[in-house]
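Reading the structure
Residues per chain are reported as follows:
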Amino acid sequence: MAESLLSKTYIDGIYIPAGLLVFGTVIVKREWTLYAAVLAVILGAIKYLRTLPAKVLKPDVFQEFELKEKIVISHNVAIYRFNLPAPTAILGLPIGQHISIGAVLEQPDGSTKEIVRSYTPISGDHQPGYFDLLIKSYPTGNISRHMASLAVGQTIKVRGPKGAFVYTPNMVRHFGMIAGGTGITPMLQVVRAIIRGRAAGDTTQVDLIFANVTPSDILLKEDLDALAAEDAGFRVHYVLDKPPAGWTGGVGYVTADMITKWLPAPADDVKILLCGPPPMISGLKKTTEALGFKKARPVSKLEDQVFAF
């Protein structure tokens, strides 16, 4: 997170030295005061730029990042924390965009092939020095199985940013979000940014429908519940395909009735965000259109009312 321009770091490292340079010149050689002031501004600007976090992502070049820690969530889900080159470095990933992970992997026929998949970190640029990926490993998943096999100290190849969606504060009055499984990651990224921005005037309302099969499949439920408890402008609604006895949330697939009940009605200042398995997204595009939202494109653009990550 960038420091305030009135922080002790800037006062001690920039303002005081600049002031001393100008004040000393006034005493010793008053006619050089203007030159001293210009020099003080230039030196201060250079020092300020050097304090800014370095953005490391490159959109067209893969870079290697070392696995620092693996936090196991369940038998097939983990959070992978990767080191950035310096403690003050940041990915430089706009809110709502994602990264590409690439690896050369052996195929069933014995050949090798470079596989590239997209993932959205659950961390952000306000957390320098590392980035976190929440990944669910599937038996048939190329990159997800590769990630599960990584040991601390090994590296992955990453490039970015990628994606058509970039969040800016108050871009809409109300977001309706629908996520399935690991599709929660871009939603969480946006929600956290909105809540962090409250102090600066972000008033965006958010309702999230999060669909899963069983309670154990609900990723980061504690985090989501904590955010909802912290911020009255964020509400989360859970849907399970196989609910336990006594379940009070939604049951089955996400339906038009659930969207009508929990998400904002169609309006020019409302946007629906979708992320989940392709069959789910395909069905939800048709459902939202039937409810009066503008028809979603096959490939979403930022200005779309219904945007699929």
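Residues numbered from 1 in each chain as written. Predicted model: local features only at pLDDT ≥ 70, side-chain atom pairs only at ≥ 80, totals over all residues. Heavy atoms only, no water.

**Description of the UniProt feature "domain: FAD-binding FR-type" (unreviewed entry) in the protein chain**
With numbering matched to this structure, UniProt assigns "domain: FAD-binding FR-type" (unreviewed entry) to residues 60-168. Spanning residues 60-168, this segment combines 7% helix with 47% strand, and its end C-alpha atoms are found 24 Å apart. (UniProt positions renumbered as here; feature names shortened; annotations may be inferred. Helix = DSSP H or I, 4+ residues; strand = E, 2+ residues; numbered from the N terminus.)

**What to know about helix α4 (residues 184-196)**
The terminal C-alpha atoms of α4, which comprises 13 residues, lie 18 Å apart, in line with the 18 Å expected from a rise of 1.5 Å per residue. Along α4, eleven of the 13 residues are buried, which leaves the element largely enclosed by surrounding structure. Packed against the buried residues of α4 are β5 (130-136), β7 (174-180), β8 (205-212), α5 (221-230), β9 (234-240) and β11 (270-275). (Expected span 1.5 Å × (residues − 1). Buried < 20%, exposed > 50% of the residue type's maximum accessible area, 1.4 Å probe, protein only. Contact = heavy atoms within 4.5 Å.)

**Here we look at the packing of α4 against α5**
Any two packed helices are characterised by how steeply their axes cross, that is the angle between the axes, and by the distance between the axes. Two elements in contact, α4 and α5, have axes whose closest approach is 12 Å; the angle formed by their N-to-C orientations is 25°. It follows that α4 is roughly parallel to α5 by the angle criterion. The two elements α4 and α5 meet at a crossing, and its hand is left-handed. Of α5, the residues touching α4 (which contributes Ile184, Leu188, Val191, Arg192 and Ile195) are Asp223, Leu224, Leu227 and Glu230. Residue composition of the contact of α4 with α5, by class: six nonpolar, no polar and three charged. (Axes fitted to C-alpha atoms, helices over the stretch in contact; angles between N-to-C directions. Parallel < 35°, antiparallel > 145°, perpendicular 65-115°, else oblique. Left-handed = near helix turned anticlockwise from the far one by under 90°. Nonpolar A, V, L, I, M, F, W, Y, C, P; charged D, E, K, R; others polar.)

**Considerations on the pattern of salt bridges**
For the structure on display, the rule yields eleven salt bridges. The residue glutamate 31 makes a salt bridge to lysine 29 at a minimum N-O spacing of 3.8 Å. Exposure remark for lysine 29: the relative accessible area of 33% places this residue in the partly exposed category. For aspartate 231, the salt bridge identified is with arginine 198, shortest N-O distance 2.9 Å. Here aspartate 231, found in the loop between α5 and β9, pairs with arginine 198, found in the loop between α4 and β8; they are 33 residues apart in sequence, far enough to count as distant. Using a relative accessible area of 8% as the deciding quantity, one classes aspartate 231 as buried. On the basis of relative accessible area, arginine 198 is assigned to the partly exposed category, the value being 23%. Through salt bridges that share partners, Arg297, Glu303 and Asp304 make up one connected network. (Salt bridge = Lys/Arg side-chain N within 4 Å of Asp/Glu carboxyl O.)

**Description of the layout of surface pockets**
Empty pockets left among the atoms are what a rolling probe the size of a water molecule brings to light. Here the largest pocket is characterised by a volume of approximately 1200 Å³. Lining the largest pocket are 41 residues; nearest its centre among them are Gly180, Thr182, Gly183, Gly276 and Pro277. Only β4 (112-119), β5, α3 (142-149), α4, β8 and α7 (278-290) provide two or more residues apiece to the lining of the largest pocket. When residues in the lining of the largest pocket are grouped by element, the largest group, seven residues, is from α7. When the residues that make up the lining of the largest pocket are grouped by side-chain class, the tally is 20 nonpolar, 17 polar and four charged. Within this model, the second largest pocket holds a volume of roughly 370 Å³. (1 Å grid on protein atoms, 1.4 Å probe; cavity = no way out; pocket = protein on both sides within 12 Å on 5 of 7 lines; lining within 4 Å. Points joined across faces, edges and corners; volume = space filled by probe spheres on them.)

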